[in-house]
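Here is what each chain is made of, one letter per residue.
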Amino acid sequence: MLLGPPGAGKGTQAQIIAGRLGVPAISTGDIFRANVSGETELGRQAKVYMDAGDLVPDEITVAMVKDRLAEPDAKAGFLLDGFPRTIAQAEQLRESLQELGHGLDSVLELVVDEDELVRRLSGRRMLVDGEWVQREDDKPETVRHRLGVYREQTAPLSGFYDSQGLLTRIHAIGTVDEVTERAMNALGQGGSAATRQSDGPTGQQSAG
Ligand code: AMP
């Protein structure tokens, strides 16, 4: 699981790390955005909260994640990005995983200071139909609200998982590659593909 405030780079890292581990990255933000674009009932319900920078209610979010985790590609493992975001979601996740016979292996918290987050989010643009657009919820006033929501509702998850011995904090500053390497090391999967090949028999190769 990747934990961290908006703008910490969870989405980017989730794609890369999940690719390296050969598991799907499950991003609740991406699933909500796909539903908003597809104008589904779920998207219609979620949009109001998303545009305001608020969390979508737990009942809606948890049911959606439960369905996603029951899909065949998640059987052999998955990387969660942006879920859970409240202690209640984390508790429901624990139950769902128990039912599915899974457990959490590791929680990586991406740590970035708040000034840097505001700078990153305000400058962020997404390519949609060949045009660079700003996400509605990346507008400056919404960004500040989202960071407040994170501090109040999501940050307590850091202690929640730390007390279970699952948490590793990673400095998410520097290049994308540097952050990925820190994350892979924390997962005991360190060493880029190039490094692994040149390591030879005496190299530091990670197990698994
Ligand atoms: P993200 O792309 O992860 O920043 O998510 C964008 C928005 O989707 C958030 O600001 C929330 O409105 C909503 N969202 C994503 N994940 C969750 C979640 N686990 N619980 C509630 N709302 C969520």
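Okay, so let's go over this structure. These figures come from a predicted structure and were not determined experimentally. (Residues numbered from 1 in each chain as written. Predicted model: local features only at pLDDT ≥ 70, side-chain atom pairs only at ≥ 80, totals over all residues. Heavy atoms only, no water.)

**Remarks on the pattern of salt bridges**
And step 1. Evaluated as defined, the whole model comprises 15 salt bridges.
And step 2. The partner of D51 in a salt bridge is K47, with the nearest N and O atoms 2.5 Å apart. One end of the pair is D51 and the other is K47, both in helix α3 (residues 41–52) and 4 residues apart, which spans about a single turn.
And step 3. Residue D51 is classed as partly exposed on the basis of its relative accessible area, which comes to 30%.
And step 4. Across the pair R146 and D138 runs a salt bridge, and its minimum N-O distance is 2.8 Å.
And step 5. Residue R146 is classed as buried on the basis of its relative accessible area of 10%. (Salt bridge = Lys/Arg side-chain N within 4 Å of Asp/Glu carboxyl O. Helix = DSSP H or I, 4+ residues; strand = E, 2+ residues; numbered from the N terminus. Buried < 20%, exposed > 50% of the residue type's maximum accessible area, 1.4 Å probe, protein only.)

**Notes on the packing of helix α6 (residues 114–123) against helix α7 (residues 140–154)**
And step 1. At a minimum axis separation of 10 Å, α6 and α7 run at an interaxial angle of 135 degrees. Taken together, the axis directions place α6 and α7 in an arrangement best described as oblique. You can see that α6 and α7 cross each other, and the crossing is right-handed. Packed against α6, whose contacting residues are E114, L117, V118 and L121, the element α7 presents V143, R146, L147 and R151 at the interface.
And step 2. Among the residues forming the contact of α6 with α7, the class breakdown is 5 nonpolar, no polar and 3 charged. (Axes fitted to C-alpha atoms, helices over the stretch in contact; angles between N-to-C directions. Parallel < 35°, antiparallel > 145°, perpendicular 65-115°, else oblique. Left-handed = near helix turned anticlockwise from the far one by under 90°. Contact = heavy atoms within 4.5 Å. Nonpolar A, V, L, I, M, F, W, Y, C, P; charged D, E, K, R; others polar.)

**Details of the environment of G190**
And step 1. By the secondary structure assignment, G190 is in the loop between α9 (176–186) and α10 (193–199).
And step 2. You can call G190 buried: its relative accessible area is 11%.
And step 3. Residues G190 and R144, spaced 46 residues apart in sequence, show a C-alpha to C-alpha distance of 35 Å.

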